[in-house]
Amino acid sequence: MDKRRTRVLLAKMGTDGHDLGLKFVAAILRQAGMEVVYLGPYQTPEKVFNTAVQEWVDVIGIGSLSGEYTTFVPRLIELLREKGLDGTIKVVLGGLIAKEDTVRLRRMGVTHIFSPGAASQEIVEAISRPPKREKAGKRTAGKAAAR
Amino acid sequence: MKKPVTNKGDEGSVRTSSGIPVKNVYTPNDVEFDYVRDLGDPGRYPFTRGIHEEMYRRKAWSTRNLCGLESPLKTNERLRYLMREGQSGIAIVPDTPTQLGVDADHPLVTPSVGTQGVPLYCLRDMDELLQGIAMEEMTFSISVCSIAAPIILAQVSALARRRGVDLGKLRGSIQNDPIQARHCSYDIANPLDLCLRLCVDAIEYCVREMPSWHSLTANAYDLRESGADSIKEMGLALANSIGYVELALKRGLDIDSFAHQMLIICSSHMDFFEQIAKIRATRRIWAKLMKERFGAKKHQSLRLTIAIHTAGSSLTAQQPINNVIRGSIEALAAVLAGGQGIDLSCYDEALCTPTEESAMVALRTQQIILHETGVAKVADPLGGSYYLEHLTNTIEAGIWDLLREIDAIGGIVQAAESGWFKRVLEESAVGLYKDIDSGKRKVVGLNVHLIPEDQDNLLKIGKIHLEPGLEHVQRIRELKETRDIRKTEASLKRLYRDARDDGKNLMPSIIDAVSSHAIIGEIMGTLRLAYGQPYDPYEMIQPSFRLG
């Protein structure tokens, strides 16, 4: 298990079809020795969740150039949380993410948010780092449940 | 006389952005052409130097701005604003639910309604979009880069009929390039045979009913945006065009009845001379293809109209005011290349839906080029430049090689089905990215001359993401309740029946459905069902009407 290569699922949810950036990310991650499950655009949160579970991925990478992430990323995290997987499967986000959303998304459990022009080194390092936040994850989960 | 300068050193290591090696200087030894055969005067075969004898003296290019936001009425306001400011054509981009052919009240698409384009779901939407605009007096280009193009065409036709406008007088274009859409625009699992049938249906319909309309715009622009270099950008768009021409000929259409209705929209990116060269090369190839391969005879069949959009992918989210400069340089190249319609990507496009201010700057950029620089006074002012002619020849040769490769595969439809198209495009895209990531290709603000994010105050921009047009969703729901559902249902039944009959052109029944207030997702869903596919491409909802 330790030596297993990091498995990453890459997807876009909703109607946002421009996936050139996400394809670049797939290429970078593969080159860094990770396994990439490329689901591509037009996915539902349910489909992303189910695939992530079936494929035993460590990380879900969501690309978003539209504002649709504000609806679909919380839904995806909710699905992970319902199955108690929010501490095991890391969710990272890249694309055009409004500054005012980042705090909320991080608190929700998104571990990394990459802005346009993020260097490939930065993406690789962040994704290959093991899920660090046993406690933090539980705490946010608790907060959400209390609301 | 001085001896021509020779190149020393870095031979082959300095290249254009498409990887064409360039020398330090070009001399008469580098370029060979027969003026009449290879260049020709502007307005003469093979149209390398432009499609009109007097080029911009006769008529300036159509200045326009891609526009589409929130709702049809809101977009109408923006259009009228731009027209008051001197925009000479209308360019509209529909929102993603329209492009995908899914209804606004679908749970998965509601968050994107009106956020990245204008909702054009039904006849009422098209009517509101063009409120107060005389359809016959404008040229409009509708950037619907998906299988929904024929449905948008049906909306235009149905609206003209309702307004009593002569269909023959409508001038404009739709994209209608399904192979491209499948690879780099919008398409969710629509069967290719359905896409191609609709494409040719639209061509055939325009030949009969809308002769001044461009029924097909091969979209080279989005190929470029998806990572293609100049040769692949133009080569694949030409290959797609050849594919559609062959299908239309198979349908029994005469090449001279529709060739002039086809155009190409391409990108103007940052590598200045390469852009000009690729556009000149493409006109020359088109002329030869039409004449020699397809036997076209009419002058207008041989000359290719080219629309040019400055490259969104060349813009940076960093130091966004620099994008004004990028747009100016790219638009200048588009003019020097002799384009017929130009629109600029707005400077804030890498960050948000363009604001009124950025749309205005984009328009003003073109007007400054037209009125102040003097470059539009002479046709093809760079023609005869040793370097440019060399580059034009080199790109032309590269495109012919690509076209031969596709012919050897068995044509573009086979190339699309076998995955060749996708692979070629992806290889190119990844290479491009690596060059930027490694710093081999320099982009100011991105990998050279950076400013830390918190100090990057080079421009204030608008709101990064627009709120979804929930009001519009509600209006569509209401329309569904208030329309004469029996009439809508009957029209969709007819469409379903026609779609199951291979011999029928589907445009009349699509127009009928649009006129009966069917929504775009209902029309696409009906077509999908007729082709044995799920009604909803996301497989979440069922139709609210019965077809059986």
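**Remarks on the overall build of chain A**
A count of helices and strands for chain A gives six helices and five strands. Along its sequence from the N terminus, chain A presents helices and strands in the succession β-α-β-α-β-α-β-α-β-α-α. Scored against the burial criterion, the 147 residues of chain A give a buried share of 43%. Across chain A, contacts joining residues at least 24 apart in sequence account for 74% of those joining residues at least 6 apart.

**A closer look at the sheet that holds strand β2 (residues 35-43) of chain A**
All names here are of chain A. Spatially, β2-β1-β3-β4-β5 is the arrangement adopted by the five strands of the open sheet, whose pairing is parallel. The outermost strands of the open sheet, each flanked by one partner alone, are β2 and β5 (110-114). This sheet shows a mean twist of 20 degrees between the axes of neighbouring strands, independent of strand direction. Of the pairings in the sheet, the one linking strand β1 (residues 7-13) to strand β3 (residues 59-64) comprises four bridges and is parallel in character. Within the sheet, the bridge partner assigned to V8 lies in β3 and is V59.

**Side note on the packing of helix α20 (residues 485-499) of chain B against helix α21 (residues 507-515) of chain B**
Residues and elements named next belong to chain B. At a minimum axis separation of 8 Å, α20 and α21 run at an interaxial angle of 165 degrees. Viewed along their axes, α20 and α21 adopt a mutual orientation that is roughly antiparallel. Of the two elements, α20 crosses α21, and the hand of that crossing is left-handed. Where α20 abuts α21, its residues S491, L492, R494, L495 and D498 lie against S509, I510, D512 and A513. Within the contact of α20 with α21, the residues separate by chemical class into four nonpolar, two polar and three charged.

**So, the pairing of strand β9 (residues 305-310) of chain B**
Residue and element names in this part refer to chain B. For β9, a buried count of six out of six residues is recorded, marking the element as mostly surrounded by other parts of the structure. Looking at chain direction, strand β8 (residues 262-268) and β9 are connected through six bridges and run parallel. Among the inter-strand pairings, I264 is bridged to a residue of β9, identified as I306. Assessed by its sense of winding, the connection that carries the chain from β9 through helix α14 (residues 322-336) to strand β10 (residues 341-343) is right-handed.

**Remarks on the interface of chain A and chain B**
When the parts of a complex come together, some accessible area is lost, and that lost area is often taken as the interface size. With 19 residues of chain A at the contact, the number on the chain B side is 28 residues. Looking at which element gives the most residues to the side of chain A that touches chain B, the answer is helix α1 (residues 20-31) of chain A, with four residues. Looking at the side of chain A that touches chain B residue by residue, the class counts come to seven nonpolar, nine polar and three charged.

**A few points about the pairing of β8(B)**
Residues and elements named next belong to chain B. Within β8, seven of the seven residues are buried, which leaves the element mostly enclosed by the surrounding structure. By the bridge criterion, four bridges tie strand β7 (residues 216-219) to β8 in an arrangement that is parallel. Note on β8: the bridge partner recorded for L216 is M262.

Conventions and cut-offs
Per chain, residues are indexed from 1 in the order of the written sequence. In the order they appear in the text, chains get letters beginning with A and ligands get numbers beginning with 1. Whole-chain, interface and lining totals are the exception, using all residues; otherwise, since this is a predicted model, local features are given only for residues with pLDDT of at least 70 and side-chain atom pairs are given and counted only at 80 or more. Only runs of H or I of at least four residues qualify as helices and only runs of E of at least two qualify as strands under DSSP, and these elements are numbered from the N terminus. Working definition of burial: number of other C-beta atoms within 10 Å of the residue's own, with buried at 20 or more, exposed at 12 or fewer, and partly exposed in between, all C-beta atoms being placed from the backbone. For the purpose of contact definition, each residue receives a C-beta atom placed from its backbone, and two residues are in contact when these atoms lie within 7 Å. Two strands qualify as a pair provided DSSP detects at least 2 bridges between them. To get an axis, fit a line to the C-alpha atoms, keeping to the stretch in contact for a helix; angles then go from 0 to 180 degrees between the N-to-C directions. Orientation categories follow fixed angle ranges, with anything under 35 degrees roughly parallel, anything over 145 roughly antiparallel, 65 to 115 roughly perpendicular, and all other angles oblique. The sense of a crossing depends on the near helix, which, turned anticlockwise from the far helix by less than a right angle, makes the crossing left-handed and, turned clockwise, makes it right-handed. Any residue outside Ala, Val, Leu, Ile, Met, Phe, Trp, Tyr, Cys, Pro, Asp, Glu, Lys and Arg is labelled polar, Gly included; the first ten of those are nonpolar and the last four are charged. For crossovers, right-handed means that the path from the first strand over the helix to the second runs clockwise, given strands pointing away from the viewer.

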